[in-house]
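Survey of secondary and tertiary structure
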Amino acid sequence: MTRYSIDPEQHELIATWGTGEGDLATRITALPANTNTAAPMRLARALTHRSEAALRTYTHPAGATAAS
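Residues numbered from 1 in each chain as written. Predicted model: local features only at pLDDT ≥ 70, side-chain atom pairs only at ≥ 80, totals over all residues. Heavy atoms only, no water.

**Observations regarding the pairing of strand 3 (residues 23-30)**
Threshold: Burial classes: relative accessible area under 20% of the type maximum marks a residue as buried, over 50% as exposed, and values in between as partly exposed (1.4 Å probe, protein chains only). Note on conventions: DSSP H or I runs of at least 4 residues are helices, E runs of at least 2 residues are strands, and numbering of each starts at the N terminus. Criterion used throughout: strands pair if DSSP finds at least two bridges between them.
With zero of eight residues buried, strand 3 lies mostly on the surface of the structure. Direction of pairing for strand 2 (residues 12-18) relative to strand 3: antiparallel, over a ladder of seven bridges. Looking at strand 3, one finds that Trp17 is bridged to Leu24.

**Things to note about helix 1 (residues 38-59)**
Applicable threshold: Helix span, as expected, comes to 1.5 Å for every residue beyond the first. Starting at the helix axis, one direction is taken to each C-beta atom, and the arc is that of these directions. The contact criterion used is simple: two residues touch if any of their non-hydrogen atoms lie within 4.5 Å.
Helix length check: helix 1, at 22 residues, gives a terminal C-alpha distance of 31 Å against a target of 32 Å (1.5 Å per residue), a fit within 8%. For helix 1, every residue scored as buried is listed here: Pro40, Ala44, Thr48 and Ser51. Buried residues along helix 1 cover an arc of 75° about the axis, so they all sit on one side. Facing away from the buried surface of helix 1 by more than 90 degrees, the exposed residues are Arg50 and Thr57. The inward-facing, buried residues of helix 1 contact strand 1 (2-7) and strand 2.

**Brief notes about the sheet that holds strand 2**
Our working definition: A fitted line through C-alpha atoms represents every axis, and for helices the fit uses only the stretch in contact; the resulting angles, taken between N-to-C directions, go from 0 to 180 degrees.
The three strands lie next to each other as 1-2-3, forming an open sheet whose pairing is antiparallel. If you trace the sheet from one side to the other, it starts and ends with strand 1 and strand 3, each paired once. Strand after strand, the sheet turns through a mean of 30° between neighbouring axes, direction not considered. Against the sheet, helix 1 touches strand 1 and strand 2, its axis set at about 170° to strand 1.

**A short note on the pairing of strand 2**
Strand 2 sits mainly inside the fold: five of its seven residues count as buried. With six bridges joining them, strand 1 and strand 2 adopt antiparallel strand pairing. Considered in strand 2, the bridge of Asp7 is made with Glu12. Hairpin connection, strand 1 to strand 2: the antiparallel pair is bridged by four residues, and His11 has positive phi, about 55°. Connecting the antiparallel pair strand 2 and strand 3 is a turn made up of four residues, with Gly20 showing a positive phi of about 95°.

Below, the structure is given as structure tokens:
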């Protein structure tokens, strides 16, 4: 699952993925140097929640039922 973060030192939005052997990261976009971190942090949180919801559609499909 993709997690999104802000690098306040480099002024970047980054995405990370766990691989089981470590994590990978990539820069999504640069942020203006004078950007307050509050808005990008909210964006990172929202993108991470969206990623979690998308993953859940694969791990818990709506049509799946428990076997009795």
